[in-house]
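Topology and contacts: notes
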Amino acid sequence: MATSWAQAVDLYVAPTGSDQNPGTLSQAFATLKQAQLEARKSAGREAVNIFLREGTYYLPEALVLTASDSGAKEKPVVYQAFAKERAVISGGVRLTDLQWTPYKDGIMQTKMPAGFTTDQLFVNGESQSMARYPNFDPNERHFNGWAKDAFSPQRAARWKDPAGGFIHVLHEGQWGGMHYLMTGKDADNKITYEGGWQNNRPMGMHQIRFVENIFEELDAPGEWFLDHKTHILYFYPPPGLDLAKALIESVRLPHLVELRGSDKAPVRFVSFKGLTFRHAARTFMDTKEPLVRSDWTVYRGGALFLTGTEDCAIEDCCIDHIGGNAVFVNNYNRRVTVRGCHIAKIGASGVSFVGDRDAARVPRDWNDHSQSLDNLDRTPGPKSDNYPADCLVDDSLIYLCGQVEKQVAPVQIELAQSITVRHCSIYDVPRAGINIGDGCWGGHLIEFCDVFDTVKETSDHGAFNSWGRDRFWGLAGLDLNKTADWDANKEVVLLDALKPTIIRNSRWRCDHGWDIDLDDGSGNFLIYNNLCLNGGLKTREGYYRVVENNIMINNGFHPHCWYQHCEDVFRRNIMLSDHYLPADMPKTPWGKEMDYNLVHQEGITQPIPATKLAEKSQRDEHSSVADAMFVDAAVGDFRVKEGSPALHLGFVNFPMDQFGVQKPELKAIARTPIIPVLKKHDASGRKSPAVEPVTVLWQAQLRSISGLGERSAYGLPDETGVLVLEVAAESPAAKAGLRKDDVIRACNGQPVKTDSELKQCSAQAPGTKLKLSIIRKQVGSTLELNNP
């Protein structure tokens with residue numbers, strides 16, 4: 001609905017207008033730029049409405065608003081669609097007067113003007129594929145098609161000049177994606193390239209990969225290629241397409257709208273309502289700035305880019321067909337609101353809140369080992385205000401993000417404080433649905449969200465993912481598992497995570513990881529009233545996490561690598577696993593409190609002690625196994641009935657009908673997750689998960705890595721390798737430098753997947769030096785061992 005203020009200045013823009021007009025309803029401007037200049041005359045002194053009439057506005061350059069365009073609290077500046085007409089702001093160009101002629105094999109060609117360039121082509125509103133190998137397959141999970149030989153010499157022999165082509169590949173650990181620009185090939189058809197900086201923890205390329213923008217791969221309907229030397233655009237039209245009548249659009253701008261202010265002169269009280277933003281260029285080769293010690297690098301930009309703003313909003317807008325980030329809230333911003341928006345088909349992230357790395361007091365990179373306990377800055381919190389704070393993403397539908405880049409999220413939060421994500425439906429993404437990159441500076445609230453169909457192309461994270469690799473994490477001179485170090489330095493764990501982050505009243509489902517994943521160092525969390533539908537809940541080493549009153553369907557709790565004095569609490573939860581699924585946990589009782597939990601086992605009417613929980617945690621004195629008495633599990637109502645044993649343990653029902661978007665127009669089109677069928681267990685005879693048997697080699701106890709939990713705990717690229725359990729003093733293993741919790745990944749250059757393969761490598765080379773490739777605390781290195 002159009003907003004109008006009393007005594008407001010109303011300006012109008014229409015595709016059929018003229019910038020020579022006065023900007024009235026009957027004599028509208030033609031461009032947003034002209035409306036902006038006219039609005040400045042009244043902005044801040046009177047309310048200003050800039051109404052866009054129906055049509056598409058192809059921007060020649062980004063619309064840049066500064067402090068001079070600011071409104072005031074009771075006198076805002078609002079760019080909005082007129083009377084619910086569909087006004088589209090495009091960073092593209094409509095291609096007209098194209099003279100298509102046949103090329104060969106069903107491919108058409110047309111001459112373009114010199115200097116024309118684009119990285120996307122849209123035909124009748126739908127994105128077409130750059131010429132690629134392998135061809136686009138909507139049913140393929142990874143990259144919609146991949147091939148190990150994507151740029152092998154044998155494949156490259158087919159290509160005359162691959163310069164300008166792109167390699168897209170998963171990170172070796174499948175933590176995200178990496179991208180490379182081909183620069184050519186040598187005489188042996190080996191491709192030369194540059195790039196790979198899109199991940200903050202590079203490990204090398206996975207075999208899951210594809211290439212695009214290669215002329216010789218133009219062989220399927222819907223593919224296109226632009227030859228920049230001859231200025232010829234080639235297109236293989238799908239059957240039935242009439243090119244003479246088709247709407248064909250290209251892309252030229254990475255940003256559509258920029259709000260550029262500063263903390264001293266912010267852009268204030270400017271909003272966009274009811275508009276569609278479409279067609280922005282891909283930016284994956286510019287995603288290269290490391291974000292402290294998260295796994296991410298970032299491109300600071302988006303279709304809508306906000307830096308140095310206060311009280312600005314994007315409401316009831318549609319943002320789609322964007323090649324990079326949709327909305328990027330950069331550095332100093334306060335009280336930015338994204339509400340009621342439909343965000344889909346995005347190349348990178350949906351809505352990002354990312355602050356200045358130098359606002360952190362200790363902005364360490366992975367290779368920065370300069371900090372120690374002795375020289376640590378112990379001042380709590382940030383050292384500047386150059387970060388987003390008190391911002392909101394509310395009642396929005398966000399899906400199909402990460403269409404190009406894979407180290408992305410529909411909502412990304414890093415170096416920010418007090419960001420609220422509420423009533424959002426988020427799904428169909430390659431990685432986490434909501435990602436928090438560090439503990440700086442907490443205070444976030446995630447509630448009433450519906451997040452599912454996540455981690456569809458990557459691995460080792462969850463529908464929610466976080467890190468907390470803050471200044472205490474891995475700090476030289478500090479061993480927080482030692483009581484003396486903890487007692488003397490416990491305040492350091494919250495120097496960055498100042499305020500608790502709350503995750504509540506949300507529904508999560510991840511079929512390729514955990515539903516909720518608090519990874520390395522994540523601390524100061526309150527997690528309650530969540531429904532986890534498949535992957536359970538994981539907390540890795542960190543501090544002050546309270547997990548209570550949650551429901552974990554067909555799964556349970558995954559504690560990994562906890563500190564001895566972590567102060568964690570896990571209580572009054574309902575699980576369907578009668579044991580914890582731990583990895584590398586302390587031998588002392590876990591956390592501060594773990595008790596009053598219920599393991600649901602259908603048909604057990606009289607609660608029995610949860611002995612398997614107690615055996616692991618050395619707590620859970622009052623936890624029990626019994627039928628939780630769900631109200632209607634088949635339709636997803638996992639409240640419990642009156643008389644449920646869970647209620648006697650202190651569990652409190654929470655609503656099951658408030659997850660996700662509430663705006664009627666969005667709720668009508670939003671998907672919801674598949675409700676799982678409850679798995680039936682026999683508690684009396686069920687055992688904990690099988691653990692690989694222990695073998696002894698070089699006077700060390702070893703066993704094969706087992707499962708995703710250990711892969712995650714030890715920072716491995718896959719679920720293979722040999723874990724070192726114990727090393728005898730003065731043994732060959734000890735003399736080589738092997739330590740407890742090392743993971744052996746290769747022997748003499750050959751991958752080692754199991755302990756039997758390692759024993760075989762040893763047996764084949766007696767009396768020689770073995771070169772062992774290991775991973776220790778998520779970092780790879782090489783050792784030499786004198787093999788007896």
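Further up the page is the structure itself.
Being a predicted model, the structure only gives us computed values, none of them experimental. (Residues numbered from 1 in each chain as written. Predicted model: local features only at pLDDT ≥ 70, side-chain atom pairs only at ≥ 80, totals over all residues. Heavy atoms only, no water.)

Let's shift gears to empty space enclosed by the protein. A water-sized probe, rolled over the atoms, reveals where empty space remains. The final tally for this structure, using the stated rule, is four cavities of 30 Å³ or more. Put simply, the largest cavity is a space of about 120 Å³. Taken together, 14 residues line the largest cavity, and the ones lying closest to its centre are Val292, Val362, Arg469, Asp470 and Arg471. Grouping the constituent residues of the lining of the largest cavity by class yields five nonpolar, two polar and seven charged. (1 Å grid on protein atoms, 1.4 Å probe; cavity = no way out; pocket = protein on both sides within 12 Å on 5 of 7 lines; lining within 4 Å. Points joined across faces, edges and corners; volume = space filled by probe spheres on them. Nonpolar A, V, L, I, M, F, W, Y, C, P; charged D, E, K, R; others polar.)

This part is about the pairing of strand E59 (residues 637-640). Pairing of strand E58 (residues 630-632) with E59, which is carried by two bridges, proceeds in the antiparallel orientation. Across the sheet, Asp632 pairs through a bridge with Asp637, a residue of E59. Adjacent in sequence and paired antiparallel, E58 and E59 are bridged by four residues, among which Gly636 carries a positive phi angle near 90°. (Pairing = 2+ DSSP bridges. Helix = DSSP H or I, 4+ residues; strand = E, 2+ residues; numbered from the N terminus.)

A sheet is described by the order of its strands in space; here four strands give the open sequence E7-E20-E10-E11, paired in antiparallel fashion. The strands lining the two open edges of the sheet, one partner per strand, are strand E7 (92-94) and strand E11 (126-127). Pairing of strand E10 (residues 121-123) with E11, which is carried by two bridges, proceeds in the antiparallel orientation. By the bridge assignment, Phe122 is partnered in E11 with Ser127.

A separate point is the nonpolar core. Counting 111 residues, the largest nonpolar core has Ile50, Phe272, Leu275, Phe277, Val327 and Phe464 as its most contacted members. For this core, the element with the most residues is strand E2 (residues 48-52), which contributes four residues. (Core = buried A, V, L, I, M, F, W, Y, C linked by side-chain atoms within 4.5 Å. Buried < 20%, exposed > 50% of the residue type's maximum accessible area, 1.4 Å probe, protein only.)

This paragraph deals with the sheet that holds strand E17 (residues 205-212). With respect to topology, five strands assemble into an open sheet ordered E13-E17-E14-E15-E16, the strand pairing being antiparallel. Two strands close off the open sheet at either side, each with one partner strand: strand E13 (132-133) and strand E16 (191-195). Here E13 pairs with E17 via two bridges, running antiparallel. Bridge assignment links Tyr133 to a residue of E17, and that residue is Val211.

On to the packing of aromatic side chains, then. Counted according to the given criterion, the structure contains 35 aromatic pairs. On the numbers, 5.9 Å between centres and 50° between planes, the contact of Tyr103 with Phe215 is tilted. Placement of the pair is Tyr103 in strand E8 (residues 101-104) and Phe215 in the loop between E17 and strand E18 (223-227), with a sequence separation of 112 residues. Phe215 sits in the partly exposed class, given a relative accessible area of 25%. (Phe/Tyr/Trp six-rings, centres within 6.5 Å; stacked < 30°, edge-to-face > 60°.)

Structurally, Gln120 is set in the loop between strand E9 (107-111) and E10. Looking at Gln120, its side chain comes within polar contact range of the side chain of Asp119, at 3.1 Å. Side-chain polar atoms of Gln120 contact the backbone oxygen of Ala280, separated by 2.9 Å. Apart from residues no more than four positions distant in its own chain, Gln120 is found in contact with Trp224, Glu249, Ser250, Val251, Ala280, Ala281, Arg282, His321 and Gly323. (Polar contact = N/O pair within 3.5 Å; in protein donor to acceptor, adjacent residues only side chain to side chain. Contact = heavy atoms within 4.5 Å.)

What follows covers the pattern of salt bridges. Charged atoms that come close allow side chains of opposite charge to pair. One pass over the structure, following the stated rule, counts 48 salt bridges. Glu289 is the salt-bridge partner of Arg300, the closest N and O atoms lying 2.8 Å from each other. You can see Arg300 sitting in the loop between strand E26 (297-298) and strand E27 (304-310) and its partner Glu289 sitting in strand E25 (residues 289-290), a full 11 residues away along the chain. By relative accessible area, Glu289 is classed as partly exposed at 24%. A salt bridge links Glu593 to Arg571, with the nearest nitrogen and oxygen atoms 2.8 Å apart. Of this pair, Glu593 sits in strand E54 (residues 593-595) while Arg571 sits in strand E52 (residues 569-571), placing them 22 residues apart in sequence. Connected via shared salt-bridge partners are Arg201, Asp295, Arg469, Asp520, Arg540 and Glu541. (Salt bridge = Lys/Arg side-chain N within 4 Å of Asp/Glu carboxyl O.)

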